[in-house]
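Survey of secondary and tertiary structure
Residues per chain are reported as follows:
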Amino acid sequence: MTAAIQQQVFEIIAKQAKVEVGAVKPESTLKDLGIASLEAIELIFDIEEHFDIHFPEQQGANFDSDTAQSLVDAVQTALDEKAAAGEGSK
């Protein structure tokens, strides 16, 4: 995982939560940050659009338990899978 990906995800989360980026910690849950369930869905769409990735359907945000770090990890996994798929099609 790169720090740049974490920073970008945290910035998207902070924008959605209307808080400073510094308020987003790896252990922060979406609920802790004041993001409601419908906002969490929008957050997932924003992250997918920003990174040009798609999370599997079952990977939807659980705003009670998902942490900011879990979203960063999900983005990294999706990016890794996208890169692997891209290499396979060459």
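Remember, it's a predicted structure, so these values are computed and weren't measured experimentally.

**Re helix α1 (residues 3-17)**
Across its 15 residues, α1 extends 21 Å between first and last C-alpha, which sits within 8% of the 21 Å expected from 1.5 Å per residue. Taken together, the buried positions of α1 are Ile-5, Gln-6, Val-9, Phe-10, Ile-12, Ile-13, Ala-14, Gln-16 and Ala-17. In the stretch just after α1, Lys-18 is the one whose phi turns positive, near 60 degrees.

**Here's the deal with the environment of His-50**
You can see His-50 is positioned in helix α2 (residues 37-51). The sequence separation of His-50 and Ile-12 amounts to 38 residues, and the corresponding C-alpha distance is 8.8 Å. Those residues in contact with His-50 that lie beyond four places of it in its chain are Gln-8 and Ile-12. Here Gln-8 takes part through its side chain, which lies 2.7 Å from a polar atom of the side chain of His-50.

**Side note on unusual backbone geometry**
The residue Lys-18 is not glycine, and still its phi comes out positive at about 60 degrees. Within the secondary structure, Lys-18 sits in the loop between α1 and α2. Judged by its relative accessible area of 71%, Lys-18 is exposed. The residue Asp-52 is not glycine, and still its phi comes out positive at about 55 degrees. In this fold, Asp-52 is placed in the loop between α2 and α3 (68-88). Note on Asp-52: relative accessible area 54%, which makes it exposed.

**A closer look at a nonpolar patch on the surface**
A grouping of Leu-38, Ile-41 and Phe-45 is seen on the molecular surface, where their side chains present a nonpolar patch of about 350 Å² in accessible area. Tracing the backbone shows Phe-45 in helix α2. According to the relative accessible area criterion, Phe-45 is exposed, its value standing at 51%.

**Notes on the pattern of salt bridges**
Counting across every chain of the model gives one salt bridge. Notably, a salt bridge pairs Lys-82 with Asp-52, separated by 3.1 Å at the nearest N-O pair. A residue pair is termed long-range when its members are at least 10 positions apart, and Lys-82 in helix α3 and Asp-52 in the loop between α2 and α3 qualify at 30 residues. Residue Lys-82 is classed as partly exposed on the basis of its relative accessible area, which comes to 39%.

What counts, and at which threshold
- Residues numbered from 1 in each chain as written.
- Predicted model: local features only at pLDDT ≥ 70, side-chain atom pairs only at ≥ 80, totals over all residues.
- Heavy atoms only, no water.
- Helix = DSSP H or I, 4+ residues; strand = E, 2+ residues; numbered from the N terminus.
- Expected span 1.5 Å × (residues − 1).
- Buried < 20%, exposed > 50% of the residue type's maximum accessible area, 1.4 Å probe, protein only.
- Contact = heavy atoms within 4.5 Å.
- Polar contact = N/O pair within 3.5 Å; in protein donor to acceptor, adjacent residues only side chain to side chain.
- Patch = residues over 30% accessible without salt bridge, like charges linked within 9 Å, V, L, I, M, F, W, Y side chains within 5 Å.
- Areas by Shrake-Rupley, 256 points an atom, 1.4 Å probe, with all protein chains shown as cover.
- Salt bridge = Lys/Arg side-chain N within 4 Å of Asp/Glu carboxyl O.

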